[in-house]
Amino acid sequence: MSEQKQFIRKRRFKQLVFGALFLGILGGAWFFPLMGFFIPACMLLGIGIGIFKGRKWCDWLCPRGSFFDAIMKPFSPVKKIPAVFKSLPFRLGVITFLMSMMVYQIIVRWPDPVRIGIFFVMLLTITTGVGMIFALTLHPRTWCCFCPIGSVSNWVDRGNYRLRIDSSRCTECRSCARVCPIQVEPYRFKRGAVEPVADSDCLRCRTCVQSCPKQALAL
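Residues numbered from 1 in each chain as written. Predicted model: local features only at pLDDT ≥ 70, side-chain atom pairs only at ≥ 80, totals over all residues. Heavy atoms only, no water.

Trainee: Would you mind going over the confidence of the model for the protein chain with me for this structure?
Mentor: Any residue range with low pLDDT should be treated as having predicted coordinates unsuitable for detailed reading. Per-residue confidence for the protein chain gives a mean pLDDT of 93; residues scoring 70 or more make up 100%. By mean pLDDT, strand 2 (residues 194–196) is the weakest element of the protein chain at 88, and helix 5 (residues 113–137) is the strongest at 97. (pLDDT = per-residue confidence, 0-100. Helix = DSSP H or I, 4+ residues; strand = E, 2+ residues; numbered from the N terminus.)

Trainee: Even after reading the chapter, I still don't get the pattern of salt bridges, so can you show me in this structure?
Mentor: Charged atoms that come close allow side chains of opposite charge to pair. Considering all chains together, one arrives at 13 salt bridges under this definition. Between Arg191 and Glu195 there is a salt bridge; the shortest N-O distance is 3.7 Å. For Arg191, a relative accessible area of 58% corresponds to the exposed category. A network of salt bridges, in which partner residues are shared, links Arg11, Lys56, Asp59, Asp69 and Arg141. (Salt bridge = Lys/Arg side-chain N within 4 Å of Asp/Glu carboxyl O. Buried < 20%, exposed > 50% of the residue type's maximum accessible area, 1.4 Å probe, protein only.)

Trainee: Explain the state of the cysteines to me, please; I cannot follow it from the model alone.
Mentor: Under the counting rule described, the total for this entry stands at zero disulfides. Here Cys42 is not disulfide-linked; the sulfur of Cys62 is the nearest cysteine sulfur, at 6.4 Å. Of the residues examined, Cys42 reaches a relative accessible area of 9% and is grouped as buried. Left unpaired, Cys58 is separated from the closest cysteine sulfur, that of Cys62, by 6.1 Å. (Disulfide = S-S within 2.5 Å.)

Trainee: How should the nonpolar core be read in this particular structure?
Mentor: Most often, soluble globular proteins keep nonpolar side chains buried together rather than apart. With 50 residues, the main nonpolar core has Leu163, Ile182 and Leu217 as its most contacted residues. The set of elements that each furnish at least two residues to this core consists of helix 1 (3–29), helix 2 (38–53), helix 3 (63–72), helix 4 (88–109), helix 5, helix 6 (142–146), helix 8 (175–179) and helix 9 (207–211). When residues of this core are assigned to their parent elements, the largest contribution, six residues, is made by helix 5. Ignoring any residue separated from it by four or fewer positions in sequence, one finds Leu163 in contact with Pro186, Glu195, Pro196, Val197, Cys202, Cys208, Val209, Leu217, Ala218 and Leu219. (Core = buried A, V, L, I, M, F, W, Y, C linked by side-chain atoms within 4.5 Å. Contact = heavy atoms within 4.5 Å.)

Trainee: Any chance you could explain the packing of helix 4 against helix 5 here in plain terms?
Mentor: Angle between the axes and distance between the axes are the two parameters that describe a pair of packed helices. At a minimum axis distance of 9 Å, the contact between helix 4 and helix 5 shows a crossing angle of 155 degrees. Considering their axes alone, helix 4 and helix 5 lie roughly antiparallel with respect to each other. For the element pair helix 4 and helix 5, the recorded crossing hand is right-handed. Here Leu98, Met101, Met102, Gln105, Ile106, Val108 and Arg109 of helix 4 come into contact with helix 5, specifically with Arg115, Ile116, Ile118, Phe119, Phe120, Leu123 and Thr127. (Axes fitted to C-alpha atoms, helices over the stretch in contact; angles between N-to-C directions. Parallel < 35°, antiparallel > 145°, perpendicular 65-115°, else oblique. Left-handed = near helix turned anticlockwise from the far one by under 90°.)

Trainee: Mind showing me how you'd approach helix 4 here?
Mentor: It helps to recall that an α-helix has 3.6 residues per turn; residues three or four apart then point in one direction. Helix length check: helix 4 (22 residues) gives 31 Å between terminal C-alpha atoms against 32 Å at 1.5 Å per residue, within 8%. Regarding helix 4, the residues found buried are Arg91, Val94, Ile95, Leu98, Met102, Gln105 and Arg109. In an axial view of helix 4, the angular spread of the buried residues amounts to 115 degrees, which keeps them on one side of the axis. Away from the buried face of helix 4 by more than 90 degrees, exposed residues Pro89, Phe97, Tyr104 and Ile107 are located. Its buried side turned inward, helix 4 meets helix 2, helix 5, helix 6 and helix 7 (148–156). (Expected span 1.5 Å × (residues − 1). Arc of directions from axis to C-beta.)

Trainee: When you look at the environment of Phe68 in this model, what are you seeing that I'm missing?
Mentor: Here Phe68 is to be found in helix 3. A residue is classified by how much of its surface remains accessible, and Phe68, at 0% relative accessible area, is buried. Not counting chain neighbours up to four residues away, the residues in contact with Phe68 comprise Lys73, Thr128, Gly131, Met132, Pro140, Trp143 and Cys144.

Trainee: Got a minute to help me understand the layout of surface pockets in this structure?
Mentor: Taking a probe equal in size to a water molecule and rolling it over the atoms shows the remaining empty space. Estimates place the volume of the largest pocket at around 280 Å³. As for the largest pocket, its lining consists of 14 residues, of which Ile8, Arg11, Gln15, Lys73 and Thr207 are closest to the centre. Breaking the lining of the largest pocket down by element, the ones donating at least two residues are helix 1, helix 3 and helix 9. Ranked by residues supplied to the lining of the largest pocket, first place goes to helix 1 with six residues. For the lining of the largest pocket, the per-class residue count stands at five nonpolar, five polar and four charged. (1 Å grid on protein atoms, 1.4 Å probe; cavity = no way out; pocket = protein on both sides within 12 Å on 5 of 7 lines; lining within 4 Å. Points joined across faces, edges and corners; volume = space filled by probe spheres on them. Nonpolar A, V, L, I, M, F, W, Y, C, P; charged D, E, K, R; others polar.)

Trainee: Looking at this model, I keep getting lost on the packing of aromatic side chains. Mind explaining?
Mentor: Aromatic ring pairs are reported here in terms of the distance separating the ring centres and the angle at which the planes meet. Counted according to the given criterion, the structure contains eleven aromatic pairs. Pairing Phe85 with Phe146 gives two aromatic rings, centres 5.3 Å apart and planes at 50 degrees, and the pair type is tilted. Taken together, the positions of Phe85 in the loop between helix 3 and helix 4 and Phe146 in helix 6 put the pair 61 residues apart, joining distant regions of the chain. Overall, the relative accessible area of 11% leaves Phe85 in the buried class. Classification of Phe146 by relative accessible area gives buried; the value is 4%. Summarising the aromatic geometry, the rings of Phe134 and Phe146 are spaced 5.9 Å apart at their centres and angled 80 degrees between planes, so their arrangement reads as edge-to-face. You can see Phe134 sitting in helix 5 and its partner Phe146 sitting in helix 6, a full twelve residues away along the chain. The class for Phe134 is partly exposed, based on a relative accessible area of 21%. (Phe/Tyr/Trp six-rings, centres within 6.5 Å; stacked < 30°, edge-to-face > 60°.)

In structure tokens:
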């Protein structure tokens, strides 16, 4: 078996495991509301990892991202994600709305942890439902383009562990863009001999690195 196929199988296995874990948590949280605190825990982990490795969390460590990639993708038309979903105003609007609602709900439910947990479960369920609608009509990772955790991880990214492209090897075959789970186009960012890919939405998943026939990409 080729190295590329082994990589794809391992990544898919991890995503299936975390995707199944996500469904288990989402279902169980309706019976045990304190499991709803899984959401703020993921927020802190995702943003913390973002400081050092950008959106690496969103690759397969994020249970919901894994769910969209591994379980929803077979049912998705995998269309082009509208640019508006990656735009700063849209992302800020989503973050402002969700964070304002979260702060308000925590205040009115304080100090009852069960009631707060129920809110988190409802929030996770509704946003996942929205993500599933986008997955079934556009692309499995549409939600990830404006997910608050992903957006903040994008902004706190200090440029560590950055994808790089060797312009002397790149032939613009677009293999990297075709396999990217969030539709980053690395081949567009080549300028000098070896340049970092400027798009901070890159998940550092190495899928493009493995697919490049000229080995022009590296992490």
